[in-house]
Amino acid sequence: MKKTLSLLLSLALMLSLALPASAAETEYPALEGGVTEIQKYGNIVLDIDPADLEAGGYTYGDLLTVTVNGTAYEMPLCTNYSDVDTGALVLRDSEGVLIAAINMGDFATTNGLATKVTAEDGSYTWEFPEGQSLETITVSISMKEAGGYYDQYLIHQLTRTNERADYASDAVFANFRNVAVGDLGENALFRSSSPVNNELNRAAYADDLAEASGVQTVMNLADSSAAIEGYMAAEGFDSPYYQSLYEASQVIALNLGVDFTAADFKTGLAEGLRFFAENEGPYLVHCNEGKDRAGFVSALLECLMGATYDEVVADYMTTYVNYYHLEEGSEQYEAVKNSNIVSILANITGAAEGADLTTVDLAAAAEDYMLDAGLTADEISALKANLAQDYTAEVETPVEEPAEETPEEETPAEEPASQARTYTVEAGDCLWNIAYEVYGTGTRWTVIYEANRDTIRDPGMIYIGQVLTIPAA
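Below is a short write-up of the structure. Since we're looking at a predicted model, the values are computed, not measured. (Residues numbered from 1 in each chain as written. Predicted model: local features only at pLDDT ≥ 70, side-chain atom pairs only at ≥ 80, totals over all residues. Heavy atoms only, no water.)

1. So, the nonpolar core
Now for step 1: Met219, Leu269 and Leu301 are the most contacted members of the largest nonpolar core, which has 64 residues in total.
Now for step 2: Of all the elements in the fold, those that place two or more residues in this core are α4 (150-156), α9 (263-278), β14 (283-286), α10 (293-304), α11 (309-324), α12 (331-349), α13 (362-373) and α14 (377-387).
Now for step 3: Per-element accounting of this core gives the leading share, nine residues, to α11.
Now for step 4: Among all residues touching Leu301, those that are not within four sequence positions of it are Leu189, Leu273, Phe276, Val285, Met370, Leu383 and Leu387.
Now for step 5: Ranked by size, the runner-up nonpolar core spans 34 residues in total, among them Leu209, Val218, Met232 and Cys430. (Core = buried A, V, L, I, M, F, W, Y, C linked by side-chain atoms within 4.5 Å. Buried < 20%, exposed > 50% of the residue type's maximum accessible area, 1.4 Å probe, protein only. Helix = DSSP H or I, 4+ residues; strand = E, 2+ residues; numbered from the N terminus. Contact = heavy atoms within 4.5 Å.)

Here it is, written out as structure tokens:
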């Protein structure tokens, strides 16, 4: 027995030695150096060559341990200060120079390396603690987690414009759409960028779309009442429909932050949900971009109304397709999905990190979240009943002329099927947006859906390049 065990151990050792280097855990060399300069705003310039990092296997998006004068700091390796959030640490590769910094902050002063002294003429010097100088600062870099910041790095590379001409439609530009998943009623719930704050040049577009959709009740997640009134008083304000809703007390201003785990976020959100439960739809949820806070609340309401995991994810990601033209399955698409909506659903459900969210009862989790936020069971029941209503009849307005005024032979009551045409789905499209473009009202999305039931499995999920039949108006 001992002889057999010895042979097995010897064989295992031989196999381990024969494994290629790639099969073993990568070892990253620690690099050491000093500081050559403290820049105007407190960033410290290292004398370590970025080429040495690259040669050691380090790459952008890695999470590093940067030790300065014996104090260890966790920093991602990036290319720009904006690759991290405001106030966050970053090790920036700036055209062949490594800089340790705080985005929009002062690394040297914050961490006690030196104090900036500014003269009357605007010139400045850095004063060091007694016995220390620029030359005494020591720095070392080692790997904390390879790729540990990579998803966030990819997300920070996303860029967009605020020019209407760069987008396929008004609805795509305004990130405006009907959320029609689960048991949500037709035209019950909409989401968009801000129809009142024109910082992104989208307010008037969102306002027009809200009016066309018959929106009656609005949850503004971003602004206070004072801020809304300031927008309305500003020169060039062009959102009259939103103003009419606000003046009719049909807009609740919640002024929420973006920390979805904060107690005040949940308390404030409960006020907004209660407002929906007490007022008639159609409903609109918005923040500034209609991306983060609106994304969270939309996901919560979709879960409440029985949407599947895939439906919730697809709706959330439509915003990033609209704004950044992301393609499903791309590296950035997956990075945003994993970092944002998967995290949101974990927050709502309380699921452990890495849990299979497709197996979680999302509706029950959403109810539990709302109860914990302060809603009563009756308020949740009222909210669900309101969101389940079909508001199509209230939204649609006839646009055809009376038959007696138009000769029947010139304008048939129903156009023949031969007048139907096709439409190829583009990035950011949804059935509601397409219907708005071709018919002038998004409420006719069901017409397109019915004409394409053989190819559309789920009306909330169409894909780029899909060819749809568009019935005659």
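So that's the structure; there's more coming.
2. Some remarks on the pairing of strand β11 (residues 189-192)
Now for step 1: Burial along β11 is two-sided: the residues Leu189 and Arg191 and Phe190 and Ser192 are all buried.
Now for step 2: Judged from the two bridges that link them, strand β10 (residues 177-178) and β11 form a sheet pairing that is antiparallel. Paired with Arg177 across the strands is Arg191, a residue of β11.
Now for step 3: Both β11 and β14 contribute to a ladder of four bridges, which runs parallel. Residue Leu189 lies in a different strand from β14, and its bridge partner there is Tyr283. (Pairing = 2+ DSSP bridges.)

3. Thoughts on the sheet that holds strand β13 (residues 251-253)
Now for step 1: Pairing is mixed in the open sheet, where five strands are placed in the order β10-β11-β14-β12-β13. Every interior strand has two partners, whereas the edge strands, β10 and β13, have only one.
Now for step 2: Where strand β12 (residues 217-220) meets β14, four bridges bridge the pair, whose relative direction is parallel. Within β14, the residue paired with Thr217 across the bridge is Tyr283.
Now for step 3: Along the sheet face, α9 touches β11, β12, β13 and β14 and points at about 175° away from the line of β12. (Axes fitted to C-alpha atoms, helices over the stretch in contact; angles between N-to-C directions.)

4. Considering the packing of aromatic side chains
Now for step 1: Under the defined criterion, the tally for this structure stands at 15 aromatic pairs.
Now for step 2: Here the aromatic rings of Tyr283 and Tyr391 are separated by 6.2 Å at their centres, their planes lie at 90°, and the arrangement is edge-to-face. With Tyr283 in strand β14 and Tyr391 in the loop between α14 and α15 (392-395), the pair connects residues that are 108 residues apart, well separated along the chain.
Now for step 3: Judged by its relative accessible area of 0%, Tyr283 falls in the buried class.
Now for step 4: Grouped by ring-pair contacts, the aromatic residues Phe260, Phe265, Phe296 and Tyr369 constitute a single cluster.
Now for step 5: Above the face of the Tyr81 ring, Arg92 is positioned so that its terminal group lies 4.5 Å from the ring centre.
Now for step 6: The side chain of Lys266 reaches across the aromatic face of Tyr369, ending 4.4 Å from its centre. (Phe/Tyr/Trp six-rings, centres within 6.5 Å; stacked < 30°, edge-to-face > 60°. Lys NZ or Arg CZ within 6 Å of the ring centre and 35° of its normal.)

5. Some remarks on unusual backbone geometry
Now for step 1: Backbone torsion omega between Gly281 and Pro282 reads 5°, so that peptide bond is classified as cis.
Now for step 2: Looking at where Pro282 falls in the secondary structure, it is placed in the loop between α9 and β14.
Now for step 3: We note that Asn69 has phi near 50°; this positive angle belongs to a residue other than glycine.
Now for step 4: Positionally, Asn69 belongs in the loop between β3 (63-68) and β4 (71-78).
Now for step 5: The partly exposed category is assigned to Asn69, whose relative accessible area is 30%.
Now for step 6: Backbone geometry places Met104, a non-glycine residue, at a positive phi of 65°.
Now for step 7: Tracing the backbone shows Met104 in the loop between β6 (98-102) and α3 (107-110).
Now for step 8: On the basis of relative accessibility, which here comes to 72%, the residue Met104 falls in the exposed class.

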